[in-house]
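# Working through the structure, step by step
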Amino acid sequence: MSFNFYKNRVGTVTLVVLLIISVHGFAQNSNSENTESIYRDFKTELMWKANVKIGTMINVGESKRGTRRVIPITGGTFSGPNIKGEVLPGGEDWQLVRPDGDTELYARYLMKTEDGTVLQILNKALMHTPAQGEESDFYVKSVIDIEAPIESAYDYLNHAIFLGTLEMPRLKPNEEPYVIIGVYKVL
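An account of the accompanying structure is given in this report.

The next point concerns the side chain of His-128. Relative to the elements of secondary structure, His-128 occurs in strand S7 (residues 118-128). There is a polar contact of 2.5 Å between the side chain of His-128 and the side chain of Asp-102. Discounting residues that sit within four places of it in the chain, His-128 has contacts with Asp-102, Glu-134, Ser-136, Asp-137, Phe-138 and Tyr-139.

Given below as structure tokens:
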């Protein structure tokens, strides 16, 4: 009986010591990751820039979440170091102008590469225009989901995270409205 008492006590003490060591080791790892900031070294690679033609905005009106509007995507082109093609007509950019003034964009459209492969693009963006006197800059960035056929030369697009930029160029007289979307792979 005395042997079992010591055996159980040694087992309990050993478990407690192991628990303390593992918690202490985990805390050290968490602190070192926080101080090193594993995200500070993010790098990106330009995949393509797209000139996306847009149609006349449809103002849906006020909703319980803000002002809804839809902008048709009517075509365009894209090109990058290893890819190029056309933006197919028929997509749309659904927008919500929130009560705080920021605009959420949700665009869904198709692109066709030079060799005929069709890619589906989902582009979710946030646009912030500073209010009069606000101490910040115009901001617009997006997260882009690309879906490519798995047996195509573009399957690699299914296996990465993509970020986007949006530029609204000054249009020349009689020029069709368009926006420029930059697509960047997070390395």
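Glancing now at the pairing of strand S3 (residues 66-80). Pairing geometry for strand S1 (residues 44-54) and S3, over 6 bridges, is antiparallel. Considered in S3, the bridge of Asn-51 is made with Thr-77. Pairing between strand S2 (residues 58-63) and S3: 5 bridges, direction antiparallel. Each residue of the ladder has a partner; that of Glu-62, found in S3, is Thr-67. From the end of S2 to the start of S3, which pair antiparallel, there are 2 residues. For S3 and strand S5 (residues 91-97), the ladder comprises 7 bridges, and the chain directions are antiparallel. In the strand pairing of S5, Arg-68 is matched with Leu-96.

This brings us to the nonpolar core. Trp-48 and Leu-157 are the most contacted members of the largest nonpolar core, which totals 27 residues. Going through the elements one at a time, S1, S3, strand S4 (83-87), strand S6 (103-113), S7, strand S8 (139-147), strand S9 (162-167) and strand S10 (178-186) are the ones with two or more residues in this core. Among all residues touching Trp-48, those that are not within four sequence positions of it are Phe-78, Ser-79, Gly-80, Ile-83, Met-111, Ile-121, Ile-146, Leu-157, Ile-181, Gly-182 and Val-183.

Here we take up the pattern of salt bridges. Under the criterion given, the structure shown has 6 salt bridges. With a shortest N-O distance of 3.1 Å, Asp-102 and Arg-98 are connected by a salt bridge. Bridged by salt links that share partners, the residues Arg-98, Asp-100, Asp-102 and Glu-104 form one connected network.

Most peptide bonds take the trans form, and the phi angle of most residues other than glycine is negative. In this structure, Asn-174 is a non-glycine residue whose phi angle is positive, near 65°. Structurally, Asn-174 is set in the loop between S9 and S10. Residue Asn-174 is classed as exposed on the basis of its relative accessible area, which comes to 83%.

A separate point is the pairing of S5. Of all 7 residues that make up S5, 5 are buried, and the element is covered over most of its length. Looking at chain direction, S5 and S6 are connected through 6 bridges and run antiparallel. Across the sheet, residue Glu-92 finds its bridge partner in S6, namely Arg-108. Between the antiparallel neighbours S5 and S6 lie 5 residues, among them Gly-101 with a positive phi of about 95°.

What follows concerns the side chain of Gln-120. Checked against the element boundaries, Gln-120 lands in strand S7. Gln-120 sits in the buried class, given a relative accessible area of 17%. Side-chain polar atoms of Gln-120 contact the side chain of Arg-108, separated by 2.9 Å.

Reading the values: rules and limits
Residues numbered from 1 in each chain as written. Predicted model: local features only at pLDDT ≥ 70, side-chain atom pairs only at ≥ 80, totals over all residues. Heavy atoms only, no water. Helix = DSSP H or I, 4+ residues; strand = E, 2+ residues; numbered from the N terminus. Polar contact = N/O pair within 3.5 Å; in protein donor to acceptor, adjacent residues only side chain to side chain. Contact = heavy atoms within 4.5 Å. Pairing = 2+ DSSP bridges. Core = buried A, V, L, I, M, F, W, Y, C linked by side-chain atoms within 4.5 Å. Buried < 20%, exposed > 50% of the residue type's maximum accessible area, 1.4 Å probe, protein only. Salt bridge = Lys/Arg side-chain N within 4 Å of Asp/Glu carboxyl O.

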